[in-house]
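Take a look at the letters that make up each chain.
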Amino acid sequence: MILTEIDHIAIAVRDLEAAIEYYRDAFGAEVHHREIVESDGVEEALVKVADSYIQLTAATRDDSPIAKSIEKRGEGLHHVGYRVDDCAAALEAMVAAGATPIDEAPRPGSRGTTVAFIHPKGSFGTLIELVQE
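Residues numbered from 1 in each chain as written. Predicted model: local features only at pLDDT ≥ 70, side-chain atom pairs only at ≥ 80, totals over all residues. Heavy atoms only, no water.

## Thoughts on helix 1 (residues 16–27)
Stage number 1. In a regular helix each residue adds 1.5 Å, so 12 residues correspond to 16 Å; helix 1 covers 16 Å between its end C-alpha atoms and thus fits that length.
Stage number 2. Of the positions making up helix 1, those classed as buried are Leu16, Ala19, Ile20 and Tyr23. All buried residues of helix 1 lie within an arc of 100 degrees about the axis, which places them on one face of the element. Those residues of helix 1 that are exposed and aimed more than 90 degrees away from the buried face are Tyr22 and Asp25.
Stage number 3. Looking at the packing, one finds that the buried side of helix 1 touches strand 1 (3–12), strand 2 (31–37), strand 3 (42–49) and strand 4 (52–59).
Stage number 4. With a side-chain oxygen positioned 3.1 Å from the backbone nitrogen of Glu17, the residue opening helix 1 is Asp15. (Helix = DSSP H or I, 4+ residues; strand = E, 2+ residues; numbered from the N terminus. Expected span 1.5 Å × (residues − 1). Buried < 20%, exposed > 50% of the residue type's maximum accessible area, 1.4 Å probe, protein only. Arc of directions from axis to C-beta. Contact = heavy atoms within 4.5 Å. Polar contact = N/O pair within 3.5 Å; in protein donor to acceptor, adjacent residues only side chain to side chain.)

## Points about the layout of surface pockets
Stage number 1. Taken as a whole, the largest pocket holds about 700 Å³ of empty space.
Stage number 2. The wall of the largest pocket is formed by 35 residues, among which Pro65, His78, His79, Phe117 and Leu127 lie closest to the centre.
Stage number 3. At the level of secondary structure, the elements contributing two or more residues to the lining of the largest pocket comprise strand 1, strand 3, strand 4, helix 2 (65–73), strand 5 (76–84), strand 7 (114–118) and strand 8 (128–132).
Stage number 4. Broken down by element, the lining of the largest pocket gets its largest block of residues, 6 residues, from helix 2.
Stage number 5. The class makeup of the residues in the lining of the largest pocket is 13 nonpolar, 12 polar and 10 charged.
Stage number 6. By volume, the second largest pocket amounts to about 170 Å³.
Stage number 7. Of the residues assigned to the lining of the second largest pocket, the class counts are 7 nonpolar, 4 polar and no charged. (1 Å grid on protein atoms, 1.4 Å probe; cavity = no way out; pocket = protein on both sides within 12 Å on 5 of 7 lines; lining within 4 Å. Points joined across faces, edges and corners; volume = space filled by probe spheres on them. Nonpolar A, V, L, I, M, F, W, Y, C, P; charged D, E, K, R; others polar.)

## Notes on the pairing of strand 7
Stage number 1. Of all 5 residues in strand 7, 4 are buried; the element is thus mostly enclosed.
Stage number 2. Direction of pairing for strand 6 (residues 107–108) relative to strand 7: antiparallel, over a ladder of 2 bridges. If you follow Pro108 over to strand 7, its bridge partner there is Thr114.
Stage number 3. In this structure, the hairpin formed by strand 6 and strand 7 is closed by a connection of 5 residues, where Arg111 is found at a positive phi of approximately 60 degrees. (Pairing = 2+ DSSP bridges.)

## A word on the pattern of salt bridges
Stage number 1. Under the defined criterion, the tally for this structure stands at 12 salt bridges.
Stage number 2. Between Glu43 and Arg34 there is a salt bridge whose closest N-O contact spans 2.9 Å.
Stage number 3. You can call Arg34 partly exposed: its relative accessible area is 37%.
Stage number 4. Through salt bridges with shared partners, a single ionic network connects Glu5, Asp7, Arg83, Arg111 and Glu133. (Salt bridge = Lys/Arg side-chain N within 4 Å of Asp/Glu carboxyl O.)

## Observations regarding the side chain of Ser69
Stage number 1. Locating Ser69 in the fold gives a position in helix 2.
Stage number 2. Judged by its relative accessible area of 7%, Ser69 is buried.
Stage number 3. Ignoring anything within four residues of it in the chain, the contact list for Ser69 reads Gly74 and His78.

Here it is as structure tokens:
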């Protein structure tokens with residue numbers, strides 16, 4: 001089994017501060033990690049749930065994937081991040097199984113991780129992020 005656990009569920013939001021406040025008020029959740037990922041044009045706030053995260057993510061520029069997603073589909077579930085031991089091997093296995101990669105090779109992600117995205121076209125409508133810690 002290549003997948004080791006769910007790393008995170010990403011939720012695209014317009015207003016990161018409002019989303020953080022909602023999760024704090026509704027669930028008593030506190031932000032475990034917060035980071036701007038310039039290369040992706042996003043700011044994220046991670047709320048820890050057991051060994052996984054809810055990733056609240058907002059665009060920092062109009063051309064970012066999150067901005068485009070919100071414009072097209074509105075706020076809500078954006079992608080699922082699966083934790084893997086070897087991102088390159090997982091990406092290769094998925095492509096061999098017919099997945100359509102967005103990233104041709106793993107790249108740096110937030111929290112010092114290595115990541116690769118898989119297009120929803122080849123994954124039954126779900127945008128997948130492979131995450132190696």
